[in-house]
Amino acid sequence: AAGEDTVKFENIELGLYLVMVDAVKSPYYFYSFSPYLVAVPGNDYYSSGDDSWIYELTEKQAVGLKPAREPRLGDLVIRKNLTSYNASVGGAYFVYEVSVLPLGAAKPETNVYRISFDKAGKDALTITGLPAGAAVTVKEVYTGASYQLSSAAEQTTQIVAMPTDDEQTENYPAEVEFSNEYDGRHNGGSGVVNTFYKDGDTIG
């Protein structure tokens, strides 16, 4: 079957064997396997009541592995470049709506984040612990009272798993970048971010 593989051992001595499998990883998940004992020969007494010895542990009697799966996590960096700034209108606040659609999920999870400036320059916000492989859409929903976008207002990326010691990747962490400039208006602005969490069907 798709996604399955087998390893066959032949002419092994009768006895009790401890099966241990090393943990493995994919780009999106860690897989671990609990060790367990296998008797050769075995029998199906507990499932069928038949106490006959089975010397060929193949096909229906084959030993199956049941891995535990844990999602790998990665980060998202929102980079911000404010190319011009007017100190007379006060601080500049920029608000981002971040929608994260994990692999296999039907609906994205959405939250809101803020980056603020008190002068022209560059800054970045890092969102940690996002599931690897998730599709992410970042939209600048508030551009500051006297500033305008000079980049796309909505950008997409995919979360890359944090590399382990034996991995190399040029794409970690996932990033998007926005640029804004002073638009000549004299409107002051401020920003407040409400953080929401979901506990079952309750949102608080």
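Look up a bit, the structure's there.
Predicted, not measured: the structure shown is a model, and the values here were computed from it.

Details of the nonpolar core
- Core analysis: the biggest nonpolar cluster contains 21 residues, and L76, I78, V98 and V138 have the highest contact counts within it.
- Of all the elements, strand β9 (residues 92–101) adds the most residues to this core, at five residues.
- Contact partners of V138, with chain neighbours within four places excluded, come to L76, I78, Y96, E97, V98, A153, E154, Q155, V176 and F178.

A few points about the pattern of salt bridges
- Applying the stated criterion across every chain, the model contains two salt bridges.
- Taking the shortest distance from any N to any O, the salt bridge between E175 and R79 comes out at 3.1 Å. Here the residue E175 occupies a position in strand β15 (residues 174–182), and R79 occupies one in strand β8 (residues 73–82), the gap between them amounting to 96 residues.
- For R79, a relative accessible area of 33% gives the class partly exposed.
- For K80, the salt bridge identified is with E140, shortest N-O distance 2.7 Å. In this pair, K80 sits in strand β8 while E140 sits in strand β12 (residues 135–142), placing the two residues 60 residues apart along the sequence. The pair K80 / E140 is uniform in exposure class, with both members buried.

Digging into unusual backbone geometry
- The amide bond that connects V40 to the next residue, P41, takes the cis arrangement and shows omega of 5°.
- Topologically, P41 is positioned in the loop between β4 (36–40) and β5 (42–44).
- For the peptide bond that leads from Y172 to P173, omega is -5°, which places it in the cis range.
- Tracing the backbone through its elements, the reader meets P173 in the loop between β14 (154–158) and β15.
- Of note, N11 is a non-glycine position whose phi angle comes to about 55°, a positive value.
- With respect to the helices and strands, the residue N11 is situated in the segment before β1 (15–19).
- For N11, a relative accessible area of 81% corresponds to the exposed category.

Remarks on the sheet that holds β15
- With respect to topology, four strands assemble into an open sheet ordered β11-β8-β15-β13, the strand pairing being mixed. Here the strands that pair on one side only, and so sit at the sheet edges, are β11 (121–131) and β13 (147–149). Neighbour-to-neighbour, the strand axes of the sheet open up by a mean angle of 25°, direction not taken into account.
- Examined bridge by bridge, β8 and β11 share nine bridges and lie antiparallel to one another. In the sheet register, N81 faces β11, and the bridge partner there is K122.

What counts, and where the lines are drawn
Residues numbered from 1 in each chain as written. Predicted model: local features only at pLDDT ≥ 70, side-chain atom pairs only at ≥ 80, totals over all residues. Heavy atoms only, no water. Core = buried A, V, L, I, M, F, W, Y, C linked by side-chain atoms within 4.5 Å. Buried < 20%, exposed > 50% of the residue type's maximum accessible area, 1.4 Å probe, protein only. Helix = DSSP H or I, 4+ residues; strand = E, 2+ residues; numbered from the N terminus. Contact = heavy atoms within 4.5 Å. Salt bridge = Lys/Arg side-chain N within 4 Å of Asp/Glu carboxyl O. Pairing = 2+ DSSP bridges. Axes fitted to C-alpha atoms, helices over the stretch in contact; angles between N-to-C directions.

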